[in-house]
Amino acid sequence: NIDVDQMLKRPSKLQTTIDFEKNGKQTGYIRLPHSVHRSAYGWLPIPIACIKNGSGVTVLLISGTHGDEYEGQVALSKLINQLKPEEIQGRVIILPMANFSAAKAGLRTSPIDEQNLNRIYPGDPDGSPSFMIAHYIESQLLSIADYGLDLHSGGSSLHYVRSEVAAVGENKERMKKMKELMKAFAAPYSFFFPLGHADGTTNHAASRNNVVLIGTELGGSGTVSPECLQICERGIKRFLQACGVIQAKTQISATQTRMLHAPDFSYYCYAMEEGLFEPVKGLGNEVMKGEVAGYTHFPETPGKPSEPIYFEADGVVVCKRIPARVIRGDCVFQLGCDFAI
């Protein structure tokens, strides 16, 4: 039970050479003090770019929150090179490897402290590296932003339909703005996570700072696909246009997005035994409650019958597990149903 306001008032130990009030394009690092055996006075270099031109809104673009999710890291790396100050009105701050150590290692969580950056906001300036990063992002970056885009994919263990995502909230005006930005990004699907889906996320941090933020779940499997990358790159530019930070020289074509949500956790399908999972449904399939989702097999126990896993709701398959080896509690499918807000 932390006092979030008091936590965010505490000074960060992270420093950067970036001057967020300076016009032009700046690239550099956020320096996170990290004293270890091989480097007593060392620091971890978290990449950052700031592109500013006069007054206007501030947009924060984040990827690498989970290190094994690559589409966003590639797209933002390219954007840093492509975006020119004269093309914008306002400020764009880009964080392509938010949890640097996780991104460097290609892991969902940090190899230093085993933390999932997207579960620990508002962080702690005196905590382990991931907590220090979360505290800096919320207290120093989200605090000056108007809009945010947090780019994710399914990582090594999941694969999503190509979608943008957001969290259901009680503020109707905020929900309306998020929906508008999702339509602008224009991935084939838009998905709202249920209330209570996860604590300590960028969604929570953005809400505390009155930042209108959406995310993405673009593919996954620990790979980069040309299709997902193209949706990501075009979506980012449309998102920036919708925020008013860049003007469209030519209108980037957009397809209609299908709005989905998970009303409750019956839309998540879990393995209940340890073994090998055989899915019988795929991404985008329409399924019904009581229908077989797949089977768990037990090759280590010859003769043991396979166990069926059933869907507990009607919906569309928006996410599926990648590794076949499962244990009880692994999510094997996630469903969504049509959502009108």
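Look above for the structure.
Since the model is a prediction, treat every value here as computed from it, not as a measurement.

**A word on the packing of aromatic side chains**
At step 1: Enumeration over the complete set of coordinates arrives at 5 aromatic pairs.
At step 2: Summarising the aromatic geometry, the rings of F192 and F339 are spaced 5.3 Å apart at their centres and angled 75° between planes, so their arrangement reads as edge-to-face. With F192 in strand β9 (residues 189-193) and F339 in the segment after β19 (331-338), this residue pair connects regions lying 147 residues apart in the sequence.
At step 3: Residue classification places F192 among the buried residues on the basis of a relative accessible area of 0%.
At step 4: Between F265 and Y268, the ring centres sit 5.4 Å apart and the planes meet at 35°, which makes this aromatic pair tilted.
At step 5: Of the residues examined, F265 reaches a relative accessible area of 37% and is grouped as partly exposed.
At step 6: The rings of F277, F311 and F333 are connected pair by pair, giving a single aromatic cluster.
At step 7: Taking NZ or CZ as reference, K304 lies 4.1 Å from the ring centre of F298, over its face.

**Considerations on a nonpolar patch on the surface**
At step 1: A cluster of nonpolar side chains, namely F265, Y270 and M272, defines an oily patch on the protein surface of about 280 Å² accessible area.
At step 2: Mapping M272 onto the fold places it in the loop between β12 (268-270) and β13 (275-279).
At step 3: The exposure class assigned to M272 is partly exposed, which follows from its relative accessible area of 48%.

**Here we look at the pairing of strand β6 (residues 147-150)**
At step 1: Burial of β6 is two-sided: the residues Y147 and L149 facing one way and the residues G148 and D150 facing the other way are all buried.
At step 2: Two elements, β6 and strand β10 (residues 212-217), share 4 bridges in a ladder whose sense is parallel. Each residue of the ladder has a partner; that of Y147, found in β10, is V212.

**A word on the layout of surface pockets**
Here the idea is plain: a probe the size of a water molecule rolls over the atoms and shows the empty space left.
At step 1: Its volume calculated, the largest pocket comes out at about 640 Å³.
At step 2: Lining the largest pocket are 34 residues; nearest its centre among them are R108, R119, L158, Y160 and H197.
At step 3: At the level of secondary structure, the elements contributing two or more residues to the lining of the largest pocket comprise β7 (158-160), β8 (163-167), α6 (202-208), β10, β12, β17 (315-321) and β19.
At step 4: Here the element with the most residues in the lining of the largest pocket is β10; it accounts for 4 residues.
At step 5: Lining the second largest pocket are 20 residues; nearest its centre among them are A167, V168, G169, N203 and H204.
At step 6: For the lining of the second largest pocket, a count of residues per class yields 9 nonpolar, 8 polar and 3 charged.

**Remarks on empty space enclosed by the protein**
At step 1: Tallying each qualifying case throughout the model produces 2 cavities of 30 Å³ or more.
At step 2: The volume enclosed by the largest cavity comes to roughly 40 Å³.
At step 3: Around the largest cavity, the lining residues are L32, L44, I46, N99, F100, S101, S110, P129 and I133.
At step 4: Taken together, the elements giving at least two residues each to the lining of the largest cavity come down to β3 (43-53), α3 (100-105) and α4 (129-141).

**Comments concerning the packing of helix α2 (residues 71-82) against helix α7 (residues 226-243)**
At step 1: It is at 9 Å that the axes of α2 and α7 come closest, and there the two elements cross at 50°. What the angle tells us is that α2 and α7 run oblique. Crossing of α2 over α7 shows right-handed handedness. When α2 is examined against α7, the residues E71, G72, V74, A75, L76, K78, L79 and Q82 are found in contact with a partner set consisting of C228, L229, C232, E233, I236, K237 and L240.
At step 2: Of the residues belonging to the contact of α2 with α7, the class tally is 9 nonpolar, 2 polar and 4 charged.

Cut-offs used in this document
- Residues numbered from 1 in each chain as written.
- Predicted model: local features only at pLDDT ≥ 70, side-chain atom pairs only at ≥ 80, totals over all residues.
- Heavy atoms only, no water.
- Phe/Tyr/Trp six-rings, centres within 6.5 Å; stacked < 30°, edge-to-face > 60°.
- Helix = DSSP H or I, 4+ residues; strand = E, 2+ residues; numbered from the N terminus.
- Buried < 20%, exposed > 50% of the residue type's maximum accessible area, 1.4 Å probe, protein only.
- Lys NZ or Arg CZ within 6 Å of the ring centre and 35° of its normal.
- Patch = residues over 30% accessible without salt bridge, like charges linked within 9 Å, V, L, I, M, F, W, Y side chains within 5 Å.
- Areas by Shrake-Rupley, 256 points an atom, 1.4 Å probe, with all protein chains shown as cover.
- Salt bridge = Lys/Arg side-chain N within 4 Å of Asp/Glu carboxyl O.
- Pairing = 2+ DSSP bridges.
- 1 Å grid on protein atoms, 1.4 Å probe; cavity = no way out; pocket = protein on both sides within 12 Å on 5 of 7 lines; lining within 4 Å.
- Points joined across faces, edges and corners; volume = space filled by probe spheres on them.
- Nonpolar A, V, L, I, M, F, W, Y, C, P; charged D, E, K, R; others polar.
- Axes fitted to C-alpha atoms, helices over the stretch in contact; angles between N-to-C directions.
- Parallel < 35°, antiparallel > 145°, perpendicular 65-115°, else oblique.
- Left-handed = near helix turned anticlockwise from the far one by under 90°.
- Contact = heavy atoms within 4.5 Å.

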